[in-house]
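Descriptive structure summary
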Amino acid sequence: MSTVGVYLRLIRLQVRSQAQYRAGFLLSVAGTFLFTTLDFAAILVLFHNVQSVGGWSAAQVCLLYASAALSYAIADMVLGSLDTLPQLVRDGTFDSLLMRPRSAFFQLLASDFMFRRCGRLLQAAIVLAVLLCGGFLHVAWTPARAAVLLSAVLGGAVILGSVWVVGACISFLVDGAGEFVNTFSTGTQFLAQYPLDIYSSWLRQLVTFVIPVGFVSYGPVAYVLGKDVGWEANTAVFLPALVALASSAAATAVWQTSIRRYRSAGG
């Protein structure tokens with residue numbers, strides 16, 4: 001069976017097993033839903049006191065939030081098992097993944113599909129649906145704008161996932177890097193859900209050219225809204241996909257290099 005076939009079968013089994021414990025599953029979904037709702041509530045509280053942030057209205061920032069949150073939720077479900085990597089490296093149990101015929105990265109991802117975190121996805125989808133159907137945004141929708149928004153969500157998930165993989169590789173170099181990895185993953189979403197205009201120049205350069213979070217939602221959403229914010233919006237039609245490919249290639253190279261230089265905790 002191909003690697004993709006094995007992965008899909010394992011994911012199907014994990015989804016079924018998680019759904020067997022209905023009370024625990026529903027509580028986990030509700031917990032993630034409420035947790036992400038608090039993030040959204042912080043945006044609403046902010047706009048209760050100000051009319052705009054960086055020239056963006058409340059509804060426009062909410063669209064940024066929804067796009068980034070959807071990307072984060074997809075990446076979190078698929079790559080959530082990366083959270084266990086620091087502990088595996090510390091305990092020396094990561095060695096067992098290297099002794100099996102499948103790749104260590106595949107085994108790590110297949111070890112735990114975070115379907116119970118789908119509350120994040122549901123909450124972001126509800127926010128997006130309300131924005132699009134409630135008349136809060138004055139957007140002349142075209143096939144191009146719809147395609148850009150969809151590519152922003154999918155491409156953003158790949159970009160965020162690639163950033164997380166690179167962050168997780170720090171576990172091979174630094175003992176006890178778990179908290180840093182968690183901060184790295186959640187911090188990228190926080191940066192992506194607000195306009196880059198509000199950040200200082202050095203931070204904008206950092207999250208655009210070094211950690212490509214700026215391509216997750218800012219440029220594509222600016223294009224959808226028809227906001228002239230510079231080259232980020234003007235090139236948003238094709239850049240998210242290209243940046244996603246480049247990010248995944250870079251993450252793959254960093255992972256493979258880290259694996260080659262990995263030394264067991266036991267030896």
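The present account deals with the structure reproduced in this document.

Cut-offs applied
- Residues numbered from 1 in each chain as written.
- Predicted model: local features only at pLDDT ≥ 70, side-chain atom pairs only at ≥ 80, totals over all residues.
- Heavy atoms only, no water.
- Helix = DSSP H or I, 4+ residues; strand = E, 2+ residues; numbered from the N terminus.
- Rg over C-alpha atoms; globule rule 2.2 N^0.38 Å.
- Buried < 20%, exposed > 50% of the residue type's maximum accessible area, 1.4 Å probe, protein only.
- Contact = heavy atoms within 4.5 Å.
- Patch = residues over 30% accessible without salt bridge, like charges linked within 9 Å, V, L, I, M, F, W, Y side chains within 5 Å.
- Areas by Shrake-Rupley, 256 points an atom, 1.4 Å probe, with all protein chains shown as cover.
- Salt bridge = Lys/Arg side-chain N within 4 Å of Asp/Glu carboxyl O.
- 1 Å grid on protein atoms, 1.4 Å probe; cavity = no way out; pocket = protein on both sides within 12 Å on 5 of 7 lines; lining within 4 Å.
- Points joined across faces, edges and corners; volume = space filled by probe spheres on them.
- Nonpolar A, V, L, I, M, F, W, Y, C, P; charged D, E, K, R; others polar.
- Core = buried A, V, L, I, M, F, W, Y, C linked by side-chain atoms within 4.5 Å.
- Phe/Tyr/Trp six-rings, centres within 6.5 Å; stacked < 30°, edge-to-face > 60°.
- Lys NZ or Arg CZ within 6 Å of the ring centre and 35° of its normal.

**So, the overall build of the protein chain**
A tally of helices and strands in the protein chain yields 13 helices and zero strands. Starting at the N terminus and ending at the C terminus, the protein chain contains elements arranged as α-α-α-α-α-α-α-α-α-α-α-α-α. Taken against the 2.2 N^0.38 rule, which gives 18 Å for 267 residues, the C-alpha radius of gyration of the protein chain at 19 Å falls within 12% of a compact globule. The dimensions of the protein chain, computed from C-alpha atoms along their principal axes, are 60 × 45 × 35 Å. Relative to its full complement of 267 residues, the protein chain shows a buried share of 45%. Sequence-distant contacts, at least 24 apart, represent 76% of the contacts inside the protein chain between residues at least 6 apart.

**A word on a nonpolar patch on the surface**
A cluster of nonpolar residues, L122, I126, V130 and F136, forms a patch on the protein surface that exposes about 360 Å² of accessible area. Among the secondary structure elements, L122 is positioned in helix α7 (residues 118–133).

**Considering the layout of surface pockets**
In this structure, the largest pocket encloses a volume near 380 Å³. If you trace the largest pocket, you find 19 residues lining it, with L79, F105, L109, V165 and T252 closest to the centre. Of all the elements in the fold, those that place two or more residues in the lining of the largest pocket are α3 (58–79), α6 (104–110), α8 (143–168) and α13 (239–261). By residue number, the principal contributor to the lining of the largest pocket is α13, which donates six residues. Here the residues of the lining of the largest pocket sort into 13 nonpolar, six polar and no charged.

**Here we look at the nonpolar core**
By size, the foremost hydrophobic cluster in this structure holds 73 residues, and its most contacted members are W56, L85, F94, W164, F172 and W255. By residue number, the principal contributor to this core is α3, which donates 14 residues.

**A look at the environment of L131**
As for its position among the elements, L131 is in helix α7. Sequence separation between L131 and C62 is 69 residues, and the spatial gap between their C-alpha atoms is 7.9 Å.

**Points about the packing of aromatic side chains**
Under the counting rule described, the total for this entry stands at ten aromatic pairs. A centroid spacing of 5.3 Å and a plane angle of 40° characterise the contact between F40 and Y65, whose relative ring orientation is tilted. Highlighted residues: F40 in helix α2 (residues 22–49) and Y65 in helix α3, separated in sequence by 25 residues. Comparing F40 with Y65 shows no difference in burial state: the two are buried. On the numbers, 5.4 Å between centres and 65° between planes, the contact of F94 with F172 is edge-to-face. You can see F94 sitting in the loop between α4 (85–91) and α5 (95–98) and its partner F172 sitting in the loop between α8 and α9 (178–192), a full 78 residues away along the chain. You'll find F94 and F172 in the same group, each marked buried. Taken together, the ring pairs in this structure connect F94, F105, F172, W255 and Y262 into an aromatic cluster. Note that K227 overlies the ring of W56, its terminal NZ or CZ placed 5.0 Å from the centroid.

So, to be careful, I would describe these as geometric facts and stop short of saying anything about function.
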